[in-house]
Number of protein chains: 2
Amino acid sequence: MKIYLDHAATTPLEPSVLEAMKPYFCNFFGNPSSTHSFGKETKEAIEDTRYKIARFLGANEDEIVFTSSGTEANNLAIKGVCFANKNKNHIITSQIEHHSVLEVCHFLEKEGFSVTYLPVDSYGFVSPDDVKKAITKKTILISIMHANNEIGTIEDIEEIGKIAWENDIYFHTDCVQTCSHIPLDVNSINADLVSISAHKLYGPKGVGALYIRRGTRIKPLLHGGGHEKGLRSSTENTPGIVGFGKAIEIAEDLMQDEIKKLTFLRDKLINGIMERVSARLNGHPEKRLPCNVNVSIKSINGEKLLLYLDREGIAASSASACSSSNEGPSHVLNAIGVPEEFIYGSIRFTLGRKTSDEEIDYVLDVLPKIVQKIEIASPIR
Amino acid sequence: MKIYLDHAATTPLEPSVLEAMKPYFCNFFGNPSSTHSFGKETKEAIEDTRYKIARFLGANEDEIVFTSSGTEANNLAIKGVCFANKNKNHIITSQIEHHSVLEVCHFLEKEGFSVTYLPVDSYGFVSPDDVKKAITKKTILISIMHANNEIGTIEDIEEIGKIAWENDIYFHTDCVQTCSHIPLDVNSINADLVSISAHKLYGPKGVGALYIRRGTRIKPLLHGGGHEKGLRSSTENTPGIVGFGKAIEIAEDLMQDEIKKLTFLRDKLINGIMERVSARLNGHPEKRLPCNVNVSIKSINGEKLLLYLDREGIAASSASACSSSNEGPSHVLNAIGVPEEFIYGSIRFTLGRKTSDEEIDYVLDVLPKIVQKIEIASPIR
C-alpha cells in the first residue's frame, strides 16, 4: 500500500492533463514567436490558456504572465515591483511566508530596502491591524500569503487587500497553495499581484503564473527577446502552459466537491490523531485549507516518525518540501509558538483528489503504533 | 507537404524523449526535496540526468545547475557573476549575441556596469585580438557565443577562452545553438560558464542548464528554498530534466552522422539558392553550423517571402524567433554589414534531424518561383 499525503509539496499530474499536453510535444511544437504556421498554432494554444486562467482568477488576459514556477512568480512580483518603485523602500510581509517570499525579502534588505516581518498569532493569523500600523510613507508593497503551506491557516487577505488599496500600496499574495483549492478572485481581494503554480493543482512541474493588475509598475527578472510583453523573456513552454490551463479547468469543475470531501477527511484525520496520541493541532481548526493536517506529537522525533511512516507506505512531511535542506524546526512553527516538547514531533499530512476514507483509516491505524514504537525505543519523557 | 526548416527556433520533441519523460508525470511525481520514497525516486532521476549532462560537457556533476531555459541560463550566468564580483565593473561581449545576452548587458549598464560590444567582421567573427585589446583591470566577464543563431558562424571560442583564462577573467559562452550539434567540451574552451537549452536539441521546452565551473563566484537570480545548491530555487521540473538528459544522450549518439548529413544538405541548399536567384550568403561558408542556411535575396521583401513559403508548406524565418516582435532588420545582419539592397530579403533555413534530400529539392523548386512572383508583383529594382 502506498499512500501519498504530501499534496502540498506537489501533486501527481492528472492523466487528462497529460493527454491535453501530448500534442504539443512532438506535433504542435513550433516556437510561438515564429510567424509561420508552426508558430501560430502554438501561439494560439498559449493565448487560449491565458484566457482560461485569467477568467478563472477574475482577471483580464493581458494581466497574466507565465513563469517557470511559483517561486519565480514570487520573485518577479516582489523584486519586480520594488525595483520599479525605488522612490519608496519599504515592504510589509509576515514571518510565516514561503521561503520564496522571505528569501526575496532578505535579498532586498541587502539591496537597501527595509522589510517589516509581521508576527502571527498562535493560529498563524496575520492581524490586519498590524498591517495597517506597519504602513509608512515609504511602503511599496504588502505581501501576505493566501494560506500557509505548512499549517494551512487561511489569512484574511480580503481585509489586508482592502488596507493596501486604501493606502495606495501594492498588494501581492502568494496563492500557490490555494489556487483552485479554495475560491480565489483577484478583485474581491484587491490584489495587484497573485502568484500561482501548476504542479500544486495536478498540473505539470515547471510552470507558474503571475497575475499583474493593469497599471502595476513592475520590472522583469529575465531579460531577452521580450516575451510576455517584456516581462518574462524565454521561449514559452507550450506543453506546460497548455497543461496548466487544462488542470485549472478540471480543478474549477471539481473544487466545490473536493472542498467538501477533503474537509471531511481532514477533520476525521485530525480528530482521529487527537484521540489516539498526545498531540496538538497546528493552525486554525476551521479557517484552514481543506487538505491540510498539521499536528505536533509530544516528545517524538518527527523525522523518525516520517521515516517509519514511509516504511509503512505513507508519505507525509515534517514541514514543507520547498526547502531543499532541513535545518531544525520550521520558521512557521516557531512563529506560532509551538512549545518545545511538541515542535520536534511535528508532521504534516496534505490530502488530495484521490485520498480515500480507507487511506485515512490506514493512517489512523498505523500512526499510533509507530508513535508507541518510537516512545518505547527512545523514552525521552 | 509541410516542411519545417526552423530548427534554430525550436525542435520537435523526439518521441523517445517523451517516452522517457512519461513515468515522471503521473507515477514518479514526488517533489525531489521530499524525504519520503516519492521524493527519493525523482531526486535520483534528476541526479542521474545531472551526471549525464555533466559527462557530455566534460564537466563535474556539481557544476551543472538546471534552469527553465537558455535565456534564464544566460541571465543567471551574466547577472550572477557580475553581481557577485562588484569590485570590478566591466563586461566584454559582441554586437551579435542573442537578445538574452544583449538585453542583460543593457540592463547591467543601467546598474552601473560598463559593457564593450565588440564589432564582428563580414562573416560575423569576433576577433580574439579585439577581445584582448578590450580587457581592462575592471573586466569581470567575457561573454561570446559559441555560434550565432542567425547566421550560423562558429566563433573561435577556444582562443577567446584562452585569453580570458590568461587574464583571469570569467568566460561565459552561450552554447544554446551548438550543444549536441557540434562538439563541445567546457575544458577545451576554458569556459567558466556555458548556457544550454533542451528544446533546441529535441528535448522539452521549459528546461535549460548552466555549467558553472567550480570556484566561480556567482549569485542566484531566484531566491527561495535553496534548490540547486542555492543557485536556483524552485521545485525541480523532473519530467523536463529527465527529457533533457535523454535528448542529450540521443544527440550524442547521432552527432557525427548528423554533422555529415546536415552539412551536405546545407551546402546543397546554399548552392542551389545561389544558382537560382540573386542572393548572398550570410555567415562563413565553412565555419558555420551544419544546420544553418542564411541568405539575403536582392531587392525582395523577406517577410513576404516567408509568408509565401509558409503557404507552400515551408517554415523558415527572417531572423530568429527568439524575439517576440519584429522591429526591422536584425542586429546581426546589420553588424556584418549586409548591404541595404539585400538586408530586407534575408531568410534563414535551419535544417534538422528529419530534414530530407526531397525537402531540400522541394525548397529549391518552390523558392525561385516565389521570388519571381514577388518580383513581378512589386518590381522594386
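Treat the numbers as computed from the prediction; the structure is a model and nothing was measured.

Conventions used here
- Residues numbered from 1 in each chain as written.
- Chains lettered and ligands numbered in written order.
- Predicted model: local features only at pLDDT ≥ 70, side-chain atom pairs only at ≥ 80, totals over all residues.
- Heavy atoms only, no water.
- Helix = DSSP H or I, 4+ residues; strand = E, 2+ residues; numbered from the N terminus.
- Rg over C-alpha atoms; globule rule 2.2 N^0.38 Å.
- Buried < 20%, exposed > 50% of the residue type's maximum accessible area, 1.4 Å probe, protein only.
- Contact = heavy atoms within 4.5 Å.
- Salt bridge = Lys/Arg side-chain N within 4 Å of Asp/Glu carboxyl O.
- Buried area = accessible area lost by both parts, 1.4 Å probe.
- Nonpolar A, V, L, I, M, F, W, Y, C, P; charged D, E, K, R; others polar.
- Phe/Tyr/Trp six-rings, centres within 6.5 Å; stacked < 30°, edge-to-face > 60°.
- Lys NZ or Arg CZ within 6 Å of the ring centre and 35° of its normal.
- Domains from an automatic or database assignment.
- Polar contact = N/O pair within 3.5 Å; in protein donor to acceptor, adjacent residues only side chain to side chain.
- Patch = residues over 30% accessible without salt bridge, like charges linked within 9 Å, V, L, I, M, F, W, Y side chains within 5 Å.
- Areas by Shrake-Rupley, 256 points an atom, 1.4 Å probe, with all protein chains shown as cover.
- Lys, Arg positive; Asp, Glu negative; His and termini not counted.
- Charge placed at Lys NZ, Arg CZ, Asp CG, Glu CD.
- Least-squares fit on C-alpha atoms with pLDDT ≥ 70 in both.
- Core = buried A, V, L, I, M, F, W, Y, C linked by side-chain atoms within 4.5 Å.
- Pairing = 2+ DSSP bridges.
- Axes fitted to C-alpha atoms, helices over the stretch in contact; angles between N-to-C directions.

Chemist: Is there a simple way to think about the overall build of chain A in this case?
Modeler: When helices and strands are counted, chain A shows 12 helices and 12 strands. Relative to a compact globule of 381 residues, whose C-alpha radius of gyration would be 21 Å, chain A shows 21 Å and is just as compact. Each principal axis of the C-alpha distribution contributes one length, and for chain A these read about 70 × 55 × 35 Å. The buried share of chain A, taken over its 381 residues, is 65%. Excluding contacts between residues fewer than 6 apart, the proportion of contacts in chain A whose partners are at least 24 apart in sequence is 73%.

Chemist: Which parts of the structure should I look at to understand the pattern of salt bridges?
Modeler: Side chains that differ in charge, positive against negative, can pair when their charged atoms come close. Under the defined criterion, the tally for this structure stands at 37 salt bridges over all chains. With a shortest N-O distance of 3.1 Å, arginine 348 of chain A and aspartate 6 of chain A are connected by a salt bridge. In this pair, arginine 348 of chain A is assigned in strand E12 (residues 346-350) and aspartate 6 of chain A in the loop between strand E1 (3-4) and helix H1 (15-21), connecting sequence segments 342 residues apart. The salt bridge involving glutamate 47 of chain B is made with arginine 50 of chain B; its shortest N-O contact spans 2.8 Å. One end of the pair, glutamate 47 of chain B, and the other, arginine 50 of chain B, are both in helix H3 (residues 37-57), three residues apart, so they sit about a helical turn from each other. For arginine 50 of chain B, a relative accessible area of 9% corresponds to the buried category.

Chemist: Looking at this structure, I do not really get the interface of chain A and chain B. What am I missing?
Modeler: One frequently used descriptor of interface size is the decrease in accessible area upon assembly of the parts. Counting residues at the interface gives 63 residues for chain A, matched by 63 residues for chain B. Across the chain A/chain B interface, buried area totals approximately 5100 Å², and carbon plus sulfur atoms make up 59% of it. Three residues, Phe29, Lys205 and His223 of chain A, lead the burial of chain A against chain B; their summed loss comes to 13% of the area buried on that side. Residue glutamate 41 of chain A is joined to lysine 2 of chain B by a salt bridge in which the shortest nitrogen-to-oxygen separation is 3.3 Å. Elements represented by at least two residues in the side of chain A that touches chain B include exactly E1, H1, helix H2 (23-26), helix H3 (37-57), helix H4 (70-84), helix H5 (99-110) and helix H9 (302-311) of chain A. A per-element tally of the side of chain A that touches chain B places H5 of chain A first, with five residues. In terms of residue class, the side of chain A that touches chain B is made up of 21 nonpolar, 30 polar and 12 charged.

Chemist: What is the right way to read the packing of aromatic side chains from this model?
Modeler: The description of an aromatic ring pair rests on the distance of the ring centres and on the angle between the ring planes. Summed over all chains, the structure comprises 15 aromatic pairs over all chains. Between tyrosine 4 of chain A and phenylalanine 29 of chain B, the ring centres sit 4.6 Å apart and the planes meet at 80°, which makes this aromatic pair edge-to-face. On the criterion of chain membership, the pair formed by tyrosine 4 of chain A in strand E1 and phenylalanine 29 of chain B in the loop between helix H2 (23-26) and H3 is interchain, its members lying in two chains. Here the aromatic residues Tyr4 of chain A together with Phe29 and Phe38 of chain B are joined through ring pairs into a cluster of three or more. The lysine or arginine in question, lysine 79 of chain A, covers the ring of phenylalanine 107 of chain A, its NZ or CZ lying 4.8 Å from the ring centre. Over the ring of tyrosine 202 of chain A we find arginine 353 of chain A; its NZ or CZ atom is 4.0 Å from the centre of that ring.

Chemist: What's the story with the domain arrangement of chain A in this structure? I'm lost.
Modeler: All names here are of chain A. Taken domain by domain, chain A consists of domain 1 (3-9 + 255-374) and domain 2 (15-250). One C-alpha centre belongs to domain 1, the other to domain 2; they are set 27 Å apart. Across the contact, 29 residues belong to domain 1 and 30 residues belong to domain 2. Here domain 1 packs against domain 2, burying approximately 2600 Å² in sum over the two surfaces, 58% of which is carbon and sulfur. Of all residues in domain 1, the largest losses of buried area upon contact with domain 2 belong to Leu289, His331 and Arg353, amounting jointly to 24% of the total for that side. Our count for the domain 1 to domain 2 interface comes out at zero salt bridges. Viewed at the interface, domain 2 and domain 1 are joined by 13 residue pairs in polar contact (both at pLDDT 80 or more). For the side of domain 1 that touches domain 2, the secondary-structure elements that each account for two or more residues are helix H8 (238-276), strand E10 (292-297) and helix H10 (331-335). Of all the elements, H10 adds the most residues to the side of domain 1 that touches domain 2, at four residues. Across the side of domain 1 that touches domain 2, the residue classes break down as 13 nonpolar, 12 polar and four charged.

Chemist: Can you help me understand a positive patch on the surface in this one?
Modeler: Taken together, the side chains of Lys86, Lys110, Arg217 and Lys219 of chain A together with Lys86, Lys110, Arg217 and Lys219 of chain B present a region of like positive charge at the surface. Here lysine 110 of chain B is to be found in helix H5 (residues 99-110).

Chemist: Looking at this model, I keep getting lost on the relation of the copies chain A and chain B. Mind explaining?
Modeler: Both copies of the chain are related through a single rotation about an axis accompanied by a shift along the same axis. Rotating chain A by 180° and moving it 0.0 Å along the rotation axis overlays it on chain B with an RMSD of 0.0 Å. Such a turn and shift between the copies fits a two-fold axis.

Chemist: Just checking my understanding: could you explain a negative patch on the surface for this structure?
Modeler: A surface patch of negative charge is lined by Asp129, Asp156, Glu158, Glu159 and Glu166 of chain A. For the negative patch, the element with the most residues is helix H7 (residues 157-166) of chain A, which contributes three residues.

Chemist: Hey, could you run me through the nonpolar core in this one?
Modeler: Nonpolar side chains tend to gather and get buried jointly when the protein is soluble and globular. Formed by 111 residues in total, the largest nonpolar core has its most connected members in Leu57, Ile142 and Phe244 of chain A together with Leu57 and Phe244 of chain B. Setting aside residues no more than four positions away along its own chain, isoleucine 142 of chain A makes contact with Ile92, Val131, Ile135, Ile160, Ala164, Ile169, Tyr170, Phe171 and His172 of chain A.

Chemist: Looking at this structure, how should I read the sheet that holds strand E6 (residues 170-174) of chain A?
Modeler: Within a sheet, each strand pairs with its neighbour through backbone hydrogen bonds, oriented either parallel or antiparallel. Residues and elements named next belong to chain A. Taking strand neighbours across the sheet as the criterion, the seven strands line up as E2-E8-E7-E6-E5-E3-E4 in an open arrangement whose pairing is mixed. The open sheet is flanked by strand E2 (64-67) and strand E4 (114-118), the only strands paired with a single partner. Sheet twist, expressed as the mean angle between neighbouring strand axes with direction ignored, is 20°. The sheet contact formed by strand E7 (residues 193-197) and strand E8 (residues 208-212) spans five bridges and is antiparallel. Bridge pairing in E8 places serine 195 opposite leucine 210. Set on the sheet, H3 makes contact with E2, E7 and E8; between it and E2 the angle comes to about 115°.

Chemist: Hey, could you run me through the sheet that holds strand E10 (residues 292-297) of chain B in this one?
Modeler: Residues and elements named next belong to chain B. Strand order in the open sheet made by the three strands is E9-E10-E12, with antiparallel pairing throughout. Of all the strands in the sheet, just strand E9 (279-281) and strand E12 (346-350) have a single pairing partner and so form its edges. Each strand of the sheet is rotated relative to its neighbour by a mean of 25°, with strand direction disregarded. Two strands pair when backbone bridges link them, and E9 and E10 are joined in this way by three bridges, in the antiparallel orientation. Opposite leucine 281, over in E10, you have valine 295 as the bridge partner. The strands touched by helix H9 (residues 302-311) are E10 and E12; relative to E12, the strand with the most contacts, the crossing angle is about 40°.

Chemist: Just checking my understanding: could you explain the side chain of asparagine 148 of chain A for this structure?
Modeler: Residues and elements named next belong to chain A. With respect to the helices and strands, asparagine 148 occurs in the loop between strand E5 (139-143) and H7. Of the polar contacts made by the side chain of asparagine 148, one reaches the backbone nitrogen of isoleucine 151; its length is 2.9 Å. Each residue touching asparagine 148, except ones within four places of it in the same chain, is listed here: Ile96, Thr153, Leu289 and Val332.

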